[in-house]
Amino acid sequence: MTRRVLVVEDDPDIGRLVMLQLAELDCEGRLIADGVTGLAESETGNYDLVILDLMLPRMDGLQICRRLRTHARYTPILMLTAKSSELDRVLGLELGADDYLTKPFSMLELAARVKAVFRRADHQQASQAAQAANEERLIEAGGLRIDLYRHEALLDGKPVDLTAKEFDLLVYFARSPGRVHTRAQLLDQVWGYSHSGYEHTVNSHINRLRNKIERDPGNPDYIQTVWGVGYKFGEPRP
């Protein structure tokens, strides 16, 4: 199966090498050199992967990543950065990048990362298909109603505006009420990777999710903290 990959990279030499490597992987690639055009193409082009440089003219890669993660359709993102600081990597992952490569990198490493992203996406799609076939369409808890087929959540009958990853996280919690999940487990099961030290990515998503579904985010009903362990999905208090 041919995959469609969008490369947003303003360095023509790196862009050319990446495109050659994608062709070796039997991928159909398109190269764009600026952030604004890259965002527009990624939003409309129905790609299987976006390879995204961090430093771009007109709009940087972090802004693009943030925008893409507000859409219901989830497109994997592999971020390229010339910066090697911890902060840059953390920002990219927290905003929703699936993986990153620090320049300079070898084409063999790029190929390995691209294949790994595709494997995770295939596994997640297969898992979601199997779960959809074997589970009920609706999950309800208190005033919260989650429709798996429509990919939407309602709180007291009103739609809740969730990103794709926030919805995945909520569904994962709601499928196993009372079960305690560590941050590492959530990172592995919902994000599909286990980058040591990036468990705070889970924290930031849970904080945003609580702000959207909890009547009192500081005293949550649904996503409750189990101190020293992780989080669990609980029945709301009267």
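In case you missed it, the structure is sitting above this.
Residues numbered from 1 in each chain as written. Predicted model: local features only at pLDDT ≥ 70, side-chain atom pairs only at ≥ 80, totals over all residues. Heavy atoms only, no water.

Student: Would you explain the pairing of strand β3 (residues 49–53) in this entry?
Tutor: Each regular strand displays side chains that alternate between the two surfaces of the sheet. Most of β3 sits out of view: five of its five residues are buried. Residue alternation in β3 divides its side chains into two sets, Leu-49, Ile-51 and Asp-53 and Val-50 and Leu-52, and both sets are buried. Bridge count between strand β1 (residues 3–8) and β3: four bridges; the pairing is parallel. Bridge pairing in β3 links Leu-6 to Val-50. Two elements, β3 and strand β4 (residues 77–81), share four bridges in a ladder whose sense is parallel. If you follow Val-50 over to β4, its bridge partner there is Ile-77. Crossover β3 to β4 through helix α3 (residues 61–68) is right-handed. (Buried < 20%, exposed > 50% of the residue type's maximum accessible area, 1.4 Å probe, protein only. Helix = DSSP H or I, 4+ residues; strand = E, 2+ residues; numbered from the N terminus. Pairing = 2+ DSSP bridges. Right-handed = clockwise from strand over helix to strand, strands pointing away.)

Student: What exactly am I supposed to notice about the sheet that holds β4 here?
Tutor: In any sheet, the strands associate via hydrogen bonds between backbone groups, in a parallel or an antiparallel arrangement. One open sheet accounts for five strands, arranged β2-β1-β3-β4-β5; its pairing is parallel. Either end of the sheet is taken by a strand with one partner, and the two such strands are β2 (27–32) and β5 (99–102). Each adjacent strand pair in this sheet contributes to an overall mean axis angle of 20°, direction not counted. Here β1 pairs with β2 via six bridges, running parallel. Looking across to β2, one finds that Val-7 is bridged to Leu-31. Together, β3 and β4 form the strand contacts of α3, whose direction differs from that of β4 by roughly 170°. (Axes fitted to C-alpha atoms, helices over the stretch in contact; angles between N-to-C directions. Contact = heavy atoms within 4.5 Å.)

Function cannot be inferred from these measures alone, as they are strictly geometric.
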